[in-house]
Amino acid sequence: MNAGQPAEPRIIAEDLVKRFGSFVAVDHVSFRVGRGEIFGFLGPNGAGKSTIIRILCGLLRPSAGRALVAGIDVARDAERVRERIGYMSQKFSLYRDLDVEENLKFFGGIYRVPRAELGERIRFAIDMAGLGGREHALVSNLAGGWQQRLALGCAVLHRPPILFLDEPTSGVEPASRRRFWDLIHALAADGVSVLVSTHYMDEAEYCHRAALINQGRLIAVGSPEELKNTALGGDLLLLECEMLGPTLAALQSAPGVLDCSVFGNSLHVLVGSAERSLRELPDYLAQRRLPPTRLVRIQPSLEDVFVQLIAVDSAKRRAA
Amino acid sequence: MFERIIAIIIKEFIELRRDNSARFRLIVPTILQMLLFGYAATYEVYHVSTAVLDLDHSQESRELLSHFTASNRFDVVEEARSQRDITAAIDRSDAAVALVIHAGFAELLRKGRSAPLQVIVDGTNSNTALIALGYVNAIAANFAKDYATDLAQRISGTAGARQVQVVLEQRPWFNPDLNGRWFFVPGLIGTLTLVIVVNLTAFAIVREREVGTLEQIMVSPIRPVEFILGKTVPFFVIGLFQVALIVAVGTLWFQVPFAGNPLVLVLGSVLFLLSTLALGLLISTLCSTQQQAFSLNFFILNPFFILSGFSFPISSMPQVLQWLTYVNPLRYYLVVIRGTFLKGVGLGVLWPELAAMAAIALILLATSILRFRKSLE
Amino acid sequence: MRWRRLKAIAVKEVLQIWRDPRSLMIALLLPFTQMFLLGYGVNLDLKHLPVCTFDREGSQLSQALFKHFQASQYFTIARNVTSYAELTAAIDDATCGFAIVVPPDFSERLNDTGSAPVQAILDASDDNTANLALGYATAVVAGYSADVQLHWFDRQGRPLQQIEPMTVQSRVWFNEDLESRNFIIPGLVAVIMALVGAQLTSLTISRERERGTMELLVSTPVKPVELMFGKLAPYLVLGWLDAAFCLVIAALWFAVPFRGTLVALFLTTTLFLVAVLSIGYLLSVLIRSQVGASQIALVVTMLPTVLLSGYVFPIDQMPTVVQDITYLLYSRYYVTILKAVFLKGSGILELMTPILFLAVYASAVMILAARSFRKRLD
């Protein structure tokens, strides 16, 4: 696992722990996010993504560990941190009974955006969110995608160098999601560090680096490429055959096979070495009268990697 | 600091403007309640439903009863035939007072012997009963005095035997006719303000917490002081408008005389308003759901109301409760408002009350600010 | 109506109540503490009214008068002043509510004319206290007057011949000692229960709307009536508990005489609770937002219950229009019932009128609530 330490860390989490009573929501989590980096948090619902983000914003106090945002200890001086961050919560949290511009003006006042700049910043936010012409639409009447982009606009109104986005695209249709990610990339290109959580596995591809979180623990960190190539700890083969069930059973005990799972009407086989298994497996199966119709090496998708890792991790926990 | 406060203030006003039913809720019930309660709240006793049983059927007994009917304190609702009728009338609450004149009443009177008038009072409402009994005694005494003078003149032709007596001359100040409305209408102004303002502000913060908008504000660098003050100002303006409305209805409709200095009343109202606002905001910061705020609201208002001196005199309460009333801003405001309306007293007399309300407002506001943590825990 | 669905709703409500211990505490503990605390506060009996004396004569006679006042349990002499300015100040700042002034020629006038006045100056801004105080002061002065007369005849060696042509023999029923607490505390129970009941249910629907759970609920085959009864049932149980607390404290702790039957009490209390809870429910159906619902709930319950129910201010003393309006107020019936059950020992038959009113009231509100509940989100 390559933690990939960035040169100029804007967010540093060290051994963060958060307990709610006896429930451990965050379990010794450490990572760093650099300038201009888009760092993704991925994981199933309830993995602890929102809790980590809320700790980093100073909304929750860590039970143990340390969190530095913009070089400031969040637990010590949350207020100074808050001047340097933008935040979009999981739950839509703008005022629905205010219109677009009124919301922006309100947050402009709260963040004390200099008056001279405010008009220009609001213009920027409205353009960015593509809300031109809807300045006076009530927020409650906007569709989900627009609301999310407006929320992002409010979050970046004061040009924060660091952005926390907690599942910003949940419940938004794919086209709007794409647009949203384009906005995030544009911000990152300007040097903004973005920590974004999502439970859409495919969105990890948009991140510079992604961390996979399961039951409060970080189980893999790396760029999408790294994750695909190394996180599985082996190579992935695609196997097509006549009888899925018996083949699956046979493969479990085959030499060199680490894991095997059904994928549509074929099998995904995780092996230690693709070269060796491509040579040996056809014979092994043929001996058992289960000759494969097709066996090739494939590039795993991120979803493969995550499904695999979470399954392994959950199994390990159950065993322990 | 001011930018953020102003941002909050503007936001609150826009939200209020968008809330169409709020304007209705803020104005119509206020006026209606003031009108309705102004008529309802009084301990005065008039037209007590009365049952009479005259077993003597003499000129004297009729004369005595006419003394009762002539006063507007008693209304004869039933002329009973028997003692049983009387019992039934009181049991059914048809009559609150029963007057019984036994046979031989006139006989005894003429002989100069003491003739009894029997009175039965439904004591369920002890206050009304006590006051009604007072009127019965006064009317009976009047009749007796007239009769005695009359009798003495008839017997000896002179003013009768010399009496020695001490008379109590009554000088009720501030409210010479003992008009109950004069006492309760100013009190209602304070009570209504308390209920309306606390109810308005108790939801100010907890609502944002529940809807989720508070989270967005918490991650901003705004300070608790700025947030609380930003919330206070708009509600202060609304509250002031409501007080003005209530005072206007109370004075113009019920014509309670205003004897004091209007500026003292304004000062007292402002301080009272601030302390009730602060109370509402404190409730709002203490609660995590609107349901909790609502329940707390309900249960705080009732004791504030009872332990204020609005309807139950503080001096009649046990000492411990009397101490408790010192933390109640309504207690002080009632003194100020009744003092300015009826007594016409000024700052010289009322400064302790004004100072107490200012102190309560400051302490409550400071507590809300300290209690308002920018965290979700 | 399906029993299964009703039960599912009720179980869900019970779980939600149980999971929100703070609200549960408020619902159970507050009526209890309020009853305790406020039971002592609701008192109209005048005792130890601070009195200010201004003796302009300084004779034995005048001092004797003050002793009479001091001996009465209704008055306490708090101040002796020597000028009208001092007296005015004492009344202005409310240190004294009552002042007695003995004129400089008091003894002389009593000697010469046989009649002498003492002046009672009182703060009448509170007309009720003033009224009661005047009544007691008149009695004190009359007692003193009789004393003086006795003394007078005694000194002149004349036999005492009281001329008292008529006496009033009064008997007080139901609340023999004329303790105001005895009639106010049953009313207080009604007031507290009206408040508890309304606050329990008046947010129940709007809360589901605001949290978004209503969306799911209306998409199920649940019927409005099932939803209503399912939501009301758990709160009725809570209401019984609260009522039991309050009534027990009233009867045992404050020793309000209880002359009725428990059956009558239980029946009427249940009826009242059903009425109050369904009013809260109706409000929550009609009003979308929690803030709106709670404000209206407060407007229709709090002050009207306190001021219009006959709890302290007698209904028969209100103008006719206001009296008619009080019929719209459910707590009015319960106040009547509780006072009658406690003090008069009335049974169900005697209370038929208010019971019928309450029953009609409760059913009307429930029908209205069930009918106005629309299974739609807009």
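For the structure, check the block above.
What counts and what doesn't
- Residues numbered from 1 in each chain as written.
- Chains lettered and ligands numbered in written order.
- Predicted model: local features only at pLDDT ≥ 70, side-chain atom pairs only at ≥ 80, totals over all residues.
- Heavy atoms only, no water.
- Contact = heavy atoms within 4.5 Å.
- Buried < 20%, exposed > 50% of the residue type's maximum accessible area, 1.4 Å probe, protein only.
- Helix = DSSP H or I, 4+ residues; strand = E, 2+ residues; numbered from the N terminus.
- Patch = residues over 30% accessible without salt bridge, like charges linked within 9 Å, V, L, I, M, F, W, Y side chains within 5 Å.
- Areas by Shrake-Rupley, 256 points an atom, 1.4 Å probe, with all protein chains shown as cover.
- Salt bridge = Lys/Arg side-chain N within 4 Å of Asp/Glu carboxyl O.
- Lys, Arg positive; Asp, Glu negative; His and termini not counted.
- Charge placed at Lys NZ, Arg CZ, Asp CG, Glu CD.
- Polar contact = N/O pair within 3.5 Å; in protein donor to acceptor, adjacent residues only side chain to side chain.
- Nonpolar A, V, L, I, M, F, W, Y, C, P; charged D, E, K, R; others polar.
- Phe/Tyr/Trp six-rings, centres within 6.5 Å; stacked < 30°, edge-to-face > 60°.

1. Considerations on the arrangement of the chains
- With two pairs of chains in contact overall, the contact-richest pair is chains B and C.
- Chain A makes no contact with chain C; the smallest distance between any of their C-alpha atoms is 12 Å.

2. Considering helix 8 (residues 204–211) of chain C
Residues and elements named next belong to chain C.
- Burial analysis of helix 8 places six of its eight residues in the buried class, which makes it a mostly covered element.
- Along helix 8, the residues classified as buried are T204, I205, S206, R207, E208 and R209.
- Just downstream of helix 8 lies G212, where phi reads positive at about 90°.

3. Notes on a positive patch on the surface
- A cluster of basic side chains, namely R61 of chain A, R371 and R373 of chain B together with R22 of chain C, defines a positive patch on the protein surface.
- Relative to the helices and strands, R22 of chain C resides in helix 2 (residues 21–41).
- Classification of R22 of chain C by relative accessible area gives partly exposed; the value is 42%.

4. Let's talk about the interface of chain B and chain A
- With 27 residues of chain B at the interface, the matching set in chain A holds 32 residues.
- Across the pair R17 of chain B and E102 of chain A runs a salt bridge, and its minimum N-O distance is 4.0 Å.
- Counting every contact that joins chain B to chain A gives 11 residue pairs in polar contact (both at pLDDT 80 or more).
- Here the side of chain B that touches chain A is built from residues that sort into 11 nonpolar, five polar and 11 charged.

5. Considerations on the side chain of S72 of chain C
All names here are of chain C.
- For S72, the location among the structural elements is in the loop between helix 3 (60–71) and strand 2 (75–81).
- S72 gets classed as buried once you look at its relative accessible area, which sits at 12%.
- Among the polar contacts made by the side chain of S72, one reaches the main-chain amide nitrogen of Y74 at a distance of 2.9 Å.

6. A word on unusual backbone geometry
Residue and element names in this part refer to chain A.
- Of note in the backbone geometry, A70 takes a positive phi value of approximately 55° without being a glycine.
- With respect to the helices and strands, the residue A70 is situated in the loop between strand 4 (64–69) and strand 5 (72–73).
- Located in the positive-phi region is R112, a residue other than glycine, with phi close to 55°.
- You can see R112 is positioned in the loop between helix 3 (100–110) and helix 4 (115–129).

7. Section: the packing of aromatic side chains
- Within the structure shown, the criterion is met by 36 aromatic pairs over all chains.
- Ring geometry for Y43 of chain B versus F313 of chain C: centroids 4.9 Å apart, planes at 35°, classification tilted. Within this pair, whereas Y43 of chain B is found in the loop between helix 2 (20–40) and strand 1 (48–54), its partner F313 of chain C is found in the loop between helix 12 (290–308) and helix 13 (320–326), the two belonging to separate chains.
- With centroids separated by 5.1 Å and ring planes inclined at 90°, the aromatic side chains of F54 of chain C and Y84 of chain C adopt a geometry described as edge-to-face. Here Y84 of chain C lies in helix 4 (residues 84–92) and F54 of chain C lies in strand 1 (residues 49–55), a separation of 30 residues in the sequence.
- Judged by relative accessible area, F54 of chain C falls into the buried class, the value being 6%.

So far we have only geometry, and geometry alone does not tell us how the molecule works.
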